[in-house]
Amino acid sequence: MTEFVVANGHIYAEDGVIEQGYIRVANGKIAEVGAGDYKGDLQVIDAEGKNILPGFIDIHIHGGYGEDAMDASFDGMKHLSESLLSEGTTTYLATTMTQSVENIDRALENIVEYMKFQDKENAAEVAGVHLEGPFISEHKVGAQNPKYVQRPTIDAIQHFQEVGQGNIKVMTFAPEVEGAKEVLEALSDNIIFSIGHTVAKYDEVNEAVAHGARHATHLYNAGTPFEHRAPGVFGAVWTNDEINAEAIVDGIHSHPAAIKTAFRMKGNQHFYLITDAMRAKGMPDGEYDLGGQNVIVKGSEARLASGALAGSILKMNDGVRNLMEFTGASLEEVWRTTSLNQAIALDIDNKKGSIQVGKDADLVIVDNNINVKTTIKNGMIHAFE
């Protein structure tokens, strides 16, 4: 179908909710957004009174459905991307891990190759790379491999960016380590530097922001906690309006009250819902690999043998449901934390991130329990009833 209408739904747009409206899609783009009933002759996709949101954008995801970006597999990226539509994700940043330079290079080369040929109608779209490590603190590695931690240099980062053909959009780093200030000053115009896996003090975080850092990676995980005389990373993120905070909203990585605090402090324009998912998402309980380390998945948790959390198995739509439950916020308040904020940060909000005429027809229809019923990717309809 090159042209059709999605009608009879609650449309979540930038300027408010259209309680009963329709969206006309033409040639993969949003051609019209209207209130009331659709009166034309085009084929109608009935939203059945459900909620129509912009497709989700996950800026921090390592893998899922048996795949991982570090596998450097073209078919693996294809399978992951196709599978993500089932949770409403239509765009994402393929996320790497702290590994050897050779393995990171292989992963970057594969991601770039995949991006050249990716099917933007039948799979979630890779919009670039989130380089999580290796420029982190060895004192807060989390599930990363401490063997491969290294200090940031301009040359090292430019090497990865060259291999990635300019597609590294976000880079997690520890601002307190040697070389961090220099790379920030040199490269922050072209890469979003995200503070994470760090033992930085409150003042060090704010200094990094003054030099160009803009994001915080998976807030509350692998950072210095808040204390009343030493506010740490968490206190700096809460109180510095120039920092956007991403969080894994699964109720495991952070207590619901901690998520409620972050959402209240950052507001819905500076909070990013992420999954930080690893390959076991969408898979049965068992043992899985993460960056060369064995991960045990049981129930809703993924942990190393040491007990350390090893990424999540969270789905984006489940994260939305959790965020509403943990904060008491409405869908109208939280939807932009799944899409528009990310699109603005990645400078793709001219074509993604909200339901607006001229943008890509990336949409997700969810019921009031945020179960995904239909995902529309560049105008192609994928039903998950």
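- As annotated in an unreviewed UniProt entry, the chain carries the name N-acetylglucosamine-6-phosphate deacetylase and is attributed to Staphylococcus carnosus.
- Per UniProt, the chain carries the Pathway (unreviewed entry) text "Amino-sugar metabolism; N-acetylneuraminate degradation; D-fructose 6-phosphate from N-acetylneuraminate: step 4/5."
- UniProt annotates the chain under Catalytic activity (unreviewed entry) with the comment "N-acetyl-D-glucosamine 6-phosphate + H2O = D-glucosamine 6-phosphate + acetate".

### What to know about the overall build of the chain
No. 1: When helices and strands are counted, the chain shows 10 helices and 21 strands.
No. 2: Against the compact-globule benchmark of 21 Å for 385 residues, the chain has a radius of gyration of 20 Å, which places it among compact chains.
No. 3: Along the longest, intermediate and shortest principal axes, the C-alpha atoms of the chain span 65 × 45 × 40 Å.
No. 4: For the chain, buried positions account for 59% of its 385 residues.

### Describing the sheet that holds strand β18 (residues 301–304)
No. 1: On the basis of which strands lie adjacent, the open sheet formed by 3 strands has the order β16-β17-β18 and antiparallel pairing. The outermost strands of the open sheet, each flanked by one partner alone, are β16 (286–290) and β18. With direction set aside, neighbouring strand axes in the sheet form an average angle of 35 degrees.
No. 2: Here 5 bridges tie β16 to strand β17 (residues 293–298), and the two strands are oriented antiparallel to one another. Within β17, the position partnered with Gly-286 by the bridge is Val-297.

### Some points on the environment of Met-265
No. 1: Inspection of the secondary structure puts Met-265 in helix α7 (residues 256–266).
No. 2: As a C-alpha pair, Met-265 and Gln-342 span 77 residues in sequence and 18 Å in three-dimensional space.
No. 3: Each residue touching Met-265, except ones within four places of it in the same chain, is listed here: Trp-238 and Thr-239.

### Notes on the UniProt feature "binding site: substrate" (unreviewed entry) in the chain
No. 1: Under the present numbering, the feature "binding site: substrate" (unreviewed entry) in UniProt falls on Ala-143, Asn-221, Ala-222, Arg-229, His-253, Leu-309, Ala-310 and Gly-311. Spatial dispersion of the annotated residues is evident: they stretch over 169 residues in sequence, and the largest pairwise C-alpha distance comes to 30.3 Å.
No. 2: Checked against the element boundaries, Ala-143 lands in the loop between β10 (125–132) and α3 (154–163).
No. 3: Structurally, Asn-221 can be placed in the loop between β13 (215–216) and α6 (232–239).
No. 4: Owing to a relative accessible area of 16%, Asn-221 belongs among the buried residues under this scheme.
No. 5: Setting aside anything within four residues of it in sequence, one finds Asn-221 in contact with Phe-234, Ile-248, His-253 and Ser-254.

Conventions and cut-offs
- Every chain is numbered on its own, with residues counted from 1 as its sequence reads.
- With pLDDT at 70 or above as the cut-off, local features in this predicted model cover only qualifying residues; side-chain atom pairs require 80 or more to be listed or tallied, and sums for whole chains, interfaces and linings still use all residues.
- By convention in this description, side-chain values take in all heavy atoms of the structure and omit both hydrogens and water.
- UniProt positions are given in the numbering used here, feature names are shortened, and annotations may be inferred rather than shown by experiment.
- Helix and strand definitions follow DSSP, with helices as H or I runs of at least four residues and strands as E runs of at least two, each counted in order from the N terminus.
- Taken over C-alpha atoms, the radius of gyration is set against a globule rule of 2.2 Å times the number of residues to the power 0.38.
- Relative accessibility decides the category of a residue: with a 1.4 Å probe and only protein chains considered, values under 20% of the type maximum give buried, values over 50% give exposed, and everything between is partly exposed.
- DSSP-based pairing: two strands are paired if at least 2 bridges between them are found.
- A fitted line through C-alpha atoms serves as each axis, taken over the contacting stretch for helices, and the angle formed by two N-to-C directions is quoted from 0 to 180°.
- When checking whether two residues touch, look at their non-hydrogen atoms; a contact exists if any pair is within 4.5 Å.

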